[in-house]
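Chain residues, written in single-letter form:
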Amino acid sequence: MSIDSAVSIAWDVLKWVVVPIKRQFGYVISSKSYANGLQEEVQKLANESQRVHILAEGARNNLRGFYSDFTQWQVSTEKALEEARDVSGKFEGASKSCCRGTLPDPVCRYQFSRKAKEKMEALRKLTQKCSEFRELNDISFSLPAPGNVTARTPDRREGKEVMQSTTATASASSASTAIKDDGVFESRAQVIRDIMDALADNNNSAVGVYGAGGVGKSTLLVDAVIRLREEKSFDWVAKANVSENPDIKTIQGEIAHALGLSDITNEDIVSVRANFLCDRLKAEEKKNKKVLIILDNLWKGLDLKSVGIPCGHDNKVIGCKLLLTSRYRDVLRTKMGCDKDFRLGELEEEEARRLFESYVGDKVRDEEFKSLVEEALHKCAGLPFLIVLMAKVFRRAGLSECKNALRQMKLSKNEGIGEVTNGMLQLSYNNLKDSEKSLLALCVAYGTSKPSFENLVRYAVGWGLFQEDDNIEEARESLRSGIRALQDSSLLLEDENAYGFKIHDLVSEFVASVASRDHPLLVLKEKDKLLVEWSKDKLKSCRAICFPYVDMKELPKGLDCPEMRIFLLFTNNETLKVPDSYFNSMRKLMVLHLSRVRLGRSPSPFQSLEGLHTLCLDGCLLDDVAMIGELKRLHILSFVNSNIQRLPKEIGQLVQLKLLDLDNCSRLEIIEPGVLESLMNLEELYMKNSFDRWNAVEQIPPTNARLIELNKLKNLYTLHVSIVDPSVLPKDLNVEKLTKYQIRIGDVPWRRIRNGSSILELTLDPISNILQKGCIQTLLGKPDDLFLDRLNGIEQTICLLSQEGFSKLKHLQVKNSSSVHYVLQSPSHMEFKMLESLLLDNLINLEKICNNHISSNSFSALKIVQVENWDKMEVLFPLSLLRELPQLEEIRVGKCHLMREIVEVDDYGKVELRNLRVLELRDLPNIKKFVTDGTAPSSSTSNDQVGPQIAFFNGQQVAFPSLETLHIWSMDSIETIWDNQVVAESFHRLKSLNVYRCNKLVNIVPSYILGWLKSLESLEVGSCDSLEVVFKLQPLSPLDGHPIAQVICDDGGEEGLVVVFNQLQYMELDGLTGLRCFSSSKCTLMFPLLEDVIVNGCPSMKFFSERPIKAPKLERVQVSTEAWFWEENLNITIQNMFKEMATVAGVKLMRLFEFPELIEKWHGELISLKPSWQLESLVVDRCPSFTNAIPSRLMLVLNKMNTLQVHDCESLEEVFNLEGLEGVQSTRVLPSL
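What comes next concerns the included structure. (Residues numbered from 1 in each chain as written. Predicted model: local features only at pLDDT ≥ 70, side-chain atom pairs only at ≥ 80, totals over all residues. Heavy atoms only, no water.)

Turning our attention to the sheet that holds strand β33 (residues 875-878). The sheet built from three strands is open, its strands ordered β33-β35-β38 with parallel pairing. Each edge of the sheet is formed by a strand with only one pairing partner; in this case those strands are β33 and β38 (929-932). Each neighbouring strand pair of the sheet contributes to a mean axis angle of 25 degrees, computed without reference to strand direction. As paired elements, strand β35 (residues 901-904) and β38 share three bridges and run parallel to each other. Across the sheet, the residue bridging to V903 is V931, located in β38. (Pairing = 2+ DSSP bridges. Helix = DSSP H or I, 4+ residues; strand = E, 2+ residues; numbered from the N terminus. Axes fitted to C-alpha atoms, helices over the stretch in contact; angles between N-to-C directions.)

Dropping the structure here:
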């Protein structure tokens, strides 16, 4: 044998012997490393679990079912985290020494490290699995429609690229100024107080307000809703406008939107939507949630069941409460079963005067106007609607014009309010231009109080209302101007919703009756009154007719309307058919809108409509659309939401067409070649969520439409289009002419929040050269909203992507792009001077936002910065960059594991973030301080720890004068949040403080910051393992600059210090295993507004405060989603919270070790055992004295328990004790487990 062979064999033997020994020895010497690694993996999985928990709540809100792999992941995660924390807790034991303290115990360390490694691998797998759960459809599915028992559970979607959208949520109370009694007229304030009292009475389920039109019922509701939300009287408040012609689908949508029931939009059938909404409201009732539904403007009884509001056979609401308004008391009492109703009368004389003066100003004090003001107020009869209308006339008119206006209104003693109203409206109407009168008639003809702006554009163009305008966009601007003019005359009202305006009922009635001599129109109210109320002569002169969601099985017969110009039919009855000859008498028809009706193949019902300009067939069932090609004078054609599958060559004959809308035509698969290029006058083309099967330019002969056809449309300036396959995009596509567009290229997520009128979204293929195409380069320089995904291997700097720069860009979102190192590279001529929001996600190689100093214009308009999943960046902003962001309102940072500070000081001076309202920091394990300047750390000394603590908000460099929301999540390096060096101007406006999973914190608010938190309304603290007290209050004195501290005297005359939390309304303490109390100071605590307190999973909390507590509005403490408890006061409540089993019976999730007093009673005579507990998940652990986990007596009440975990019970002999169950049927015991 050679020497080399011997050496080789010896080396192999050595590897077999030494390597395993080295591995085993590594377990001993690296136990601390394993402990840190285990804690890190626990934190990662806990963060992901929290994220998915929020996603699951959204699924529950939408009544969705969960996939089995997700529920299994939840159970496995909960078990794995619990076991990993137990192992981590044994590290101290593994650190024990042997040999009289001279050496570590190798056996303990070895055993610990082996277990830690095993748990780390399990946690990593669960964390990796969680990365698949990004949106609702990844974890849940829409349940079958009620009654559809055969529907199968849908398969999981695989491989779908999903992006999380971020929404900023603000509390309802912050949306508007608080309404106090002295901020509302006393006559209204009293009615609001009556409403509040009636709704608070458990005997009342429906409360109503009635009064004349124009008296202010809807305005009163706005004030009442503000008050309800301020006082948090209900968990959910939903409001819908019913109107004279109720659209059930719209009402359902408004209620569902308020409840967060977004999945209802996926259903079109009204009855299915009703069942969906009903199930959600019943689910809220089961959870003891209080829901208020407000139905405004009822003209007649509304069938609650058809909407989806739970009710009895008598239409009496069940399980929630209603607040209703109507002109008619009989509707409230007889039709809707109101338990209480209140009349809203006219304003008192002085109130009317104050309202009038608020619009007119100082003019009312002029001597020459005084008598006219008195006369005007007399004629307005206390109706706010009329007072405002007349006040606007006075505000813009001179003396002679005011006199003339009053002269036209003659009021006799016998004249009723209706005549007064018509007189006032006639006055305003007479002052309108002819075009404004026509526009008002068009708004009324729409048949609803809130017309769609875009539909009005299409009707106005078809009617020829804006003939002087050259294109549709100019007509759109003319419509905006006309609406503003009508609002200035108070004939249209401003509205906060997407439409921006609404029509008062009084105006609709006036225009439809008194003013209809200019534009005769008919808005159908009752299906059986059309021919009765309207004579044949009137029908012959009628120019506009609307059927606004009137319940009809068939269209009225025998309509002879030769002067008809506008015909609108809105229905949810898909069985309604339009007879072939129905429009034969309407040969002058210019606008036709049919919604959700069925149209046959031939003959065409449109064959006689040669002058038709606008045709909208939204949501219709269309067998064949080739017949539409005969309508050669069409300007507007819409197939929105229809079932159209093919756009035939005949459509290419519509050479005068200016707008084609194919939005949401999800079945459209074929557009015949040449059709689009034939529409030579087309200005606007909409194809969102529609056709995307474009042929490439090279395909010959083409079998489908090609994008190159759009080059022949010289007038096209608006384009919404999806291009799934980037390879079909022509190099020379002419996009220079586009002024408005939404272009999606690649697999772009639909759930993204979009802003602006020019939107470009790109998801790139790594091997694609699409960015070099001329049309893309042109588009990159034009959008106000840009989304970029997978920019791998293209450019290191975002600003270099566009040769033209980003001068117009307002919103930029970039994700999943490993090649990006910078957003802006200096020196560069590129600037983002218009940019308002910057969202960066999973840019793993991003080093800095800017690689050097920038000009003052580069980010001067930036308001929102959101970054997530940065693997390399250590600093978000250098101080010099932060100084150039004067408009910054929101900073959100998450999952940047190497980031060591938010701001790095690179120059001198202080920065005041005067507009910053929101600061959210999440999963930043290495950050200790907000600002780092390289000098000695700012610190505060704690009596509970040795040595100084580094404060997160340290130093004087950055001030936060406007900050309202502060969220700090999963930041284990933070030792304390504030020190005594806080900038004096900071945190005075802070309203919401949320601290979660910060395991080094021993307190949240130290005494020296307390005086700055005078505006705090909400406090949430959770899962901070080391936290001992929430407020660490050292001896305070109001003389030391603590305005929150006050000196008071008790009943015996002895002085004491009270700390007043004047604005705090909501407090949640959750999963704080080390928390001893809220405050351990010797001060009395006062909470004048506190109403909601949640305390859950705080086993060490023995009392709330050592001193007395005054919380006059607090009546209960919530211990779970469904359970509350109260006993005398807050201190006694905390002390005795789980002594009564009636409270525990409502808890869904319980870890038994958190409740030591409950452990003592577990096998004894439990108090107040209910027939069935709500408990679904139970963890029995750390109970060394238990010989069994579940006694037989408990097994009879745990009907809903589906998950049971038992561990670390040293004396356990059996899980279930079956003694006493011999005579009990098996089906009654633990049926859900």
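A full pass over the atoms with the stated rule returns 39 salt bridges. As a salt-bridge pair, E684 and R476 come within 3.0 Å of each other at their nearest N and O atoms. Linking E684 in strand β23 (residues 684-686) with R476 in helix α20 (residues 472-488), this pair joins segments that are 208 residues apart in sequence. Here E684 matches R476 in class, with each residue buried. With a shortest N-O distance of 3.8 Å, E669 and R693 are connected by a salt bridge. Taken together, the residues E669 in the loop between β21 (659-661) and β22 (670-671) and R693 in the loop between β23 and β24 (718-723) connect sequence positions 24 residues apart. The network of salt bridges with shared partners includes E454, E473, R476, E684 and K740. (Salt bridge = Lys/Arg side-chain N within 4 Å of Asp/Glu carboxyl O. Buried < 20%, exposed > 50% of the residue type's maximum accessible area, 1.4 Å probe, protein only.)

Right, let's get into unusual backbone geometry. A cis geometry characterises the amide bond from I700 onward to P701, with omega recorded as -10 degrees. If you trace the backbone, P701 turns up in the loop between β23 and β24. Although it is not a glycine, N869 adopts a positive phi angle of roughly 60 degrees. Backbone geometry at D923 places phi at a positive 55 degrees, although glycine is not the residue there. Relative to the helices and strands, D923 resides in the loop between β37 (918-922) and β38. For D923, a relative accessible area of 7% puts it in the buried group.

Right, let's talk about the sheet that holds strand β9 (residues 340-343) for a bit. Ordered in space as β6-β7-β8-β5-β9, the five strands form an open sheet in which the pairing is parallel. Both edges of this open sheet fall to β6 (236-243) and β9, since each of them pairs with a single strand only. For this sheet, the mean angle separating the axes of adjacent strands, direction not counted, is 15 degrees. Running over the sheet, helix α9 (residues 248-259) touches β6 and β7 (291-298) and is turned about 165 degrees from β6. (Contact = heavy atoms within 4.5 Å.)

Everything listed is a geometric property; what it means functionally is a separate question.
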